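Here's the letter readout for the chains.
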Amino acid sequence: MNANQPIGVFDSGIGGLTVAKAVRKLLPRERLIYFGDTAHLPYGDKSTAAIQAYSVKIVDVLLQAGCKLILIACNSASAAAFELVKEYAGSRAHVVNVIDPVVSHLGIYHAGQKVGLIGTKQTINSGVYTKKVDSLHAGIVLQALATPLLAPMIEEGFQRDEVSDTIIQSYLNQEDLHGIQALVLGCTHYPLIKRQIDAYFAHQVAIIDSSEIVARAVKEFLETRELLNEGPTGEDRFLVSDFTAAFQHATSLFFGKSVKLERYALWE
Ligand code: DGL
């Protein structure tokens, strides 16, 4: 593995761009290859087997593109397919998920607290966060709530309006989340509505956005293995399994310029 190989990042759609953007900011010399599986979005409602199949196909594409590290920038895929993908990539590339860095963060900064978690049905029903948090033995009480409408809502562009306000409020008002001191945004789409969530709690609850935490974990991971790129930087690439206006719009918005999308069908 060479330091000048790119980092592969994937998600079902635009959510992982929140993580990609944080990685880009923290590691400006790294080249990113992003895969948005827009043809199969949302992942959160799919079966574990389906998400595993999509993930392995995407990892194949990213391996062929020569990635040194694959970042699963999706909680649903991290919950359903991390172990499988890691085994599949083997010695060809390192694999990092978005859940472990957040769990470590909770252990350090939120021990002994009541912490809320919102995410897709796949992420919440997998129980992965609860298992990992419990194994910290840090006295954290995790209150997990599936919020399946949020990712499709964000993907459809409802982010700062009445529709999104109403949906966000009716989820966050659930009894499960009463009295929490921190809330984990357990879906990489949710940083896009972070401000509304923060406002709902009147800024009294620590909102844990995984994008920066994960970017720091990636940096540390590459640093320890002497895999940080110090050579010339290349152009990022954005692959999608289906063209969507939402993705085109989001990439331009995130990266401040109009980016070229490459269509890559996973099955043809
Ligand atoms: N952004 C993803 C996650 O972190 C998936 C959302 C979806 O496709 O349902 O879970």
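The structure this text deals with has already been given above.
So, here's what we can say about the structure.

Focus: the overall build of the protein
Okay, step 1: Along the backbone of the protein there are 11 helices and 10 strands.
Okay, step 2: Taken over the C-alpha trace, the protein has a radius of gyration of 18 Å; the compact-globule value for 268 residues is 18 Å, and the two agree within 12%.
Okay, step 3: Its C-alpha atoms give the protein principal-axis dimensions of about 50 × 40 × 35 Å.
Okay, step 4: Split into buried and exposed, the 268 residues of the protein put 55% on the buried side.
Okay, step 5: Pairs at least 24 residues apart make up 78% of the contacts formed inside the protein by residues separated by at least 6 positions.
Okay, step 6: For the protein, the computed accessible surface area is about 11,900 Å², with 49% contributed by carbon and sulfur atoms.
Okay, step 7: Side chains of the protein give 24 positive and 28 negative charges; the mean places of these two sets differ by 5 Å.

Focus: the packing of helix α1 (residues 16–26) against helix α10 (residues 210–224)
Okay, step 1: In the contact formed by α1 and α10, the axes pass within 8 Å of each other and the chain directions differ by 50°. Taken together, the axes of α1 and α10 lie oblique to each other. At the point where α1 passes α10, the crossing takes the right-handed sense. Note on element contacts: α10 touches α1 through Ser211, Glu212, Val214, Ala215, Arg216 and Lys219, opposite Thr18, Val19, Ala22, Val23 and Leu26.

Remarks on the sheet that holds strand β10 (residues 261–263)
Okay, step 1: Strands sit in the order β4-β3-β1-β2-β9-β10 across an open sheet of 6 strands; the sheet is parallel. Two strands bound the open sheet, and with one partner strand each, they are β4 (94–97) and β10. Averaged over all pairs of adjacent strands, the angle between their axes in this sheet comes to 25°, without regard to strand direction.
Okay, step 2: Two strands pair when backbone bridges link them, and strand β3 (residues 69–72) and β4 are joined in this way by 4 bridges, in the parallel orientation. Bridging from a neighbouring strand, Ile70 pairs with Val95 of β4.
Okay, step 3: Its contacts with the sheet put α1 on β1 (7–11), β2 (32–36), β3 and β9 (237–240), and the angle it makes with β2 is roughly 175°.

Some words on the packing of helix α4 (residues 100–109) against α10
Okay, step 1: At a minimum axis distance of 9 Å, the contact between α4 and α10 shows a crossing angle of 100°. With respect to α10, the axis of α4 lies roughly perpendicular. On the side of α4, the interface is formed by Pro101, Val102 and His105, while α10 contributes Ser210, Ile213, Val214 and Ala217.
Okay, step 2: Residue classes in the contact of α4 with α10 are distributed as 5 nonpolar, 2 polar and no charged.

Notes on the packing of aromatic side chains
What characterises a pair of aromatic rings is the spacing of the ring centres plus the angle enclosed by the ring planes.
Okay, step 1: Here the structure, examined in full by the defined rule, presents 7 aromatic pairs.
Okay, step 2: Ring centres 5.8 Å apart and planes at 40° place the aromatic pair Tyr34 and Phe247 in the tilted group. Note that Tyr34 is positioned in strand β2 and Phe247 in helix α11 (residues 245–255), a separation of 213 residues in sequence.
Okay, step 3: Among the residues examined, Phe247 registers a relative accessible area of 0% and is labelled buried.

Focus on the site of the ligand
Okay, step 1: Within the structure, the ligand sits among 13 residues, and Ser12, Tyr43, Asn75, Ser76 and His189 are positioned closest to it.
Okay, step 2: In the model, a nitrogen atom of the ligand is placed 3.0 Å from a nitrogen or oxygen of the Asp11 side chain.
Okay, step 3: At a separation of 2.9 Å, an oxygen atom of the ligand approaches a polar backbone atom of Thr188.
Okay, step 4: When the free accessible area of the ligand is taken as 300 Å², the share hidden by the protein chains comes to 99%.

Quick look at the pairing of strand β7 (residues 182–185)
Okay, step 1: The alternating pattern of β7 places Ala182 and Val184 and Leu183 and Leu185 on opposite faces, both of which are buried.
Okay, step 2: Where β7 lies against strand β8 (residues 206–209), 4 bridges are found, and the strand directions are parallel. Looking at the pairing, Leu185 lines up with Asp209 of β8.
Okay, step 3: Taken together, β7, helix α9 (residues 194–200) and β8 form a β-α-β motif whose crossover is right-handed.

Considerations on the environment of Asp176
Okay, step 1: By the element assignment, Asp176 lies in the loop between α8 (162–172) and β7.
Okay, step 2: Remark: the alpha-carbon pair of Asp176 and Gly157, spanning 19 residues in sequence, is separated by 27 Å.
Okay, step 3: The residues contacting Asp176, other than those within four sequence positions of it, are Lys114, Gln143, Ala144 and Leu145.

What counts as what
- Residues numbered from 1 in each chain as written.
- Predicted model: local features only at pLDDT ≥ 70, side-chain atom pairs only at ≥ 80, totals over all residues.
- Heavy atoms only, no water.
- Helix = DSSP H or I, 4+ residues; strand = E, 2+ residues; numbered from the N terminus.
- Rg over C-alpha atoms; globule rule 2.2 N^0.38 Å.
- Buried < 20%, exposed > 50% of the residue type's maximum accessible area, 1.4 Å probe, protein only.
- Contact = heavy atoms within 4.5 Å.
- Areas by Shrake-Rupley, 256 points an atom, 1.4 Å probe, with all protein chains shown as cover.
- Lys, Arg positive; Asp, Glu negative; His and termini not counted.
- Charge placed at Lys NZ, Arg CZ, Asp CG, Glu CD.
- Axes fitted to C-alpha atoms, helices over the stretch in contact; angles between N-to-C directions.
- Parallel < 35°, antiparallel > 145°, perpendicular 65-115°, else oblique.
- Left-handed = near helix turned anticlockwise from the far one by under 90°.
- Pairing = 2+ DSSP bridges.
- Nonpolar A, V, L, I, M, F, W, Y, C, P; charged D, E, K, R; others polar.
- Phe/Tyr/Trp six-rings, centres within 6.5 Å; stacked < 30°, edge-to-face > 60°.
- Near = heavy atom within 4 Å.
- Polar contact = N/O pair within 3.5 Å; in protein donor to acceptor, adjacent residues only side chain to side chain.
- Right-handed = clockwise from strand over helix to strand, strands pointing away.

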